[in-house]
Amino acid sequence: MKIFLDTADIDQIRKYSFLIDGVTTNPSLIAKTKTEYSFEDLISEISKIVPGPISAEIISLESNQMVEEAQKIAGISQNIVIKVPMTMEGLKATKRLSQMGIKTNVTLIFSANQALLAANCGATYVSVFVGRLDDIGHNGMEVVRDAVDIIARYNYSTQVITASIRHPMHVLSAAKAGSHVATIPPSVIELMSKHNLTDAGLEQFLQDGGKIQS
Ligand code: G3P
């Protein structure tokens, strides 16, 4: 499973750049960073740090305007993926962008049927928001499992991104469900790397290492 970082924070992207395959941003993540960069400069900067896919979201709602906005953003760098909202207009734009060879990430997906429609319109990625589904008492990972199955069964080239990840168990479940990508917040990557037994074991090894004559 590929690991993307779900943040627009340049420092965090630099910090984890050695272990990530891509980055996903959205308007809320960008607003949260309170960056001095303009939107275009921020995306350009991120695309220089990470050579893999960098998702940047459009904010137009009408398909012609969506395509126009997407073309401008895609021009920033060759590794840009356009995040398109899961609406009928978004699907129309996704179809056209896919015919133009512009990569898309259809976002705000909450059902396998939405993923199916997006895959059929040529979406490069579909982002299933598992955390937001779990928050309202649904089973987010079930949508991931269904989307992965449908995509494999009908040979779509679309990749499923498990998004809106809240904790390490979401990542493990995504990997077991066959999600192609998990986009993970920096705090969850940090938690994934840790275990109390690793810390205790290392402390013991260091203590014992000090007793050995060189
Ligand atoms: O990639 C989508 C993700 O950023 C949404 O996460 O935590 O706002 O539900 P969240």
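Structure: see above.
Here the idea is plain: a probe the size of a water molecule rolls over the atoms and shows the empty space left. What the largest pocket holds in volume is close to 380 Å³. Contributing to the lining of the largest pocket are 24 residues, with D6, N26, L29, K32 and P185 lying nearest its centre. Elements supplying a minimum of two residues to the lining of the largest pocket: α2 (27-33), β6 (125-129) and β7 (159-163). It is α2 that contributes the most residues to the lining of the largest pocket, 4 residues altogether. Of the residues in the lining of the largest pocket, the class split is 8 nonpolar, 10 polar and 6 charged. When its volume is computed, the second largest pocket comes out at roughly 190 Å³. Lining the second largest pocket are 14 residues, with F39, E57, I59, E69 and I73 sitting closest to its centre. For the lining of the second largest pocket, the secondary-structure elements that each account for two or more residues are α2, α3 (39-49), β3 (54-57) and α4 (63-74). Residue contributions to the lining of the second largest pocket peak at 3 residues, all from α4. Looking at the lining of the second largest pocket residue by residue, the class counts come to 8 nonpolar, 2 polar and 4 charged.

Within the secondary structure layout, K95 lies in helix α5 (residues 88-99). Between the alpha carbons of K95 and C121 there is a distance of 4.7 Å; along the sequence they are 26 residues apart.

We now examine helix α8 (residues 140-153). Along its 14 residues, α8 runs 20 Å from first to last C-alpha, staying within 8% of the 20 Å computed at 1.5 Å per residue. Within the sequence span of α8, burial applies to G140, M141, V143, V144, A147, V148 and I151. Down the axis of α8, the buried side of the element spans an arc of 150°, and every buried residue falls inside it. Of the surrounding secondary structure, the elements contacted by the buried residues of α8 are α6 (112-120), β6, α7 (130-135), β7 and α9 (168-176). Regarding α8, its N-cap is N139, as a side-chain oxygen of that residue lies 3.2 Å from the backbone nitrogen of M141 further along. Once α8 finishes, N155 follows within two positions and takes phi at roughly 55°, a positive value.

Turning our attention to the pairing of β7. β7 sits mainly inside the fold: 5 of its 5 residues count as buried. Side chains of β7 alternate between two faces, with Q159, I161 and A163 and V160 and T162 buried alike. Both β6 and β7 contribute to a ladder of 5 bridges, which runs parallel. Each residue of the ladder has a partner; that of V128, found in β7, is T162. Judged from the 2 bridges that link them, β7 and strand β8 (residues 181-184) form a sheet pairing that is parallel. When the bridges of β8 are listed, T162 appears paired with A182. Once you follow β7 into α9 and on to β8, the crossover reads as right-handed.

With that settled, the discussion passes to the side chain of N105. In this structure, N105 sits in strand β5 (residues 104-109). Judged by relative accessible area, N105 falls into the buried class, the value being 0%. N105 has contacts with T24, S55, V81, I82, K83, V84, Y125, V126, S127 and I161, leaving out every residue within four places of it along the chain.

Rules of the game
- Residues numbered from 1 in each chain as written.
- Predicted model: local features only at pLDDT ≥ 70, side-chain atom pairs only at ≥ 80, totals over all residues.
- Heavy atoms only, no water.
- 1 Å grid on protein atoms, 1.4 Å probe; cavity = no way out; pocket = protein on both sides within 12 Å on 5 of 7 lines; lining within 4 Å.
- Points joined across faces, edges and corners; volume = space filled by probe spheres on them.
- Helix = DSSP H or I, 4+ residues; strand = E, 2+ residues; numbered from the N terminus.
- Nonpolar A, V, L, I, M, F, W, Y, C, P; charged D, E, K, R; others polar.
- Expected span 1.5 Å × (residues − 1).
- Buried < 20%, exposed > 50% of the residue type's maximum accessible area, 1.4 Å probe, protein only.
- Arc of directions from axis to C-beta.
- Contact = heavy atoms within 4.5 Å.
- Polar contact = N/O pair within 3.5 Å; in protein donor to acceptor, adjacent residues only side chain to side chain.
- Pairing = 2+ DSSP bridges.
- Right-handed = clockwise from strand over helix to strand, strands pointing away.

By themselves, these are just geometric observations and shouldn't be taken as functional.
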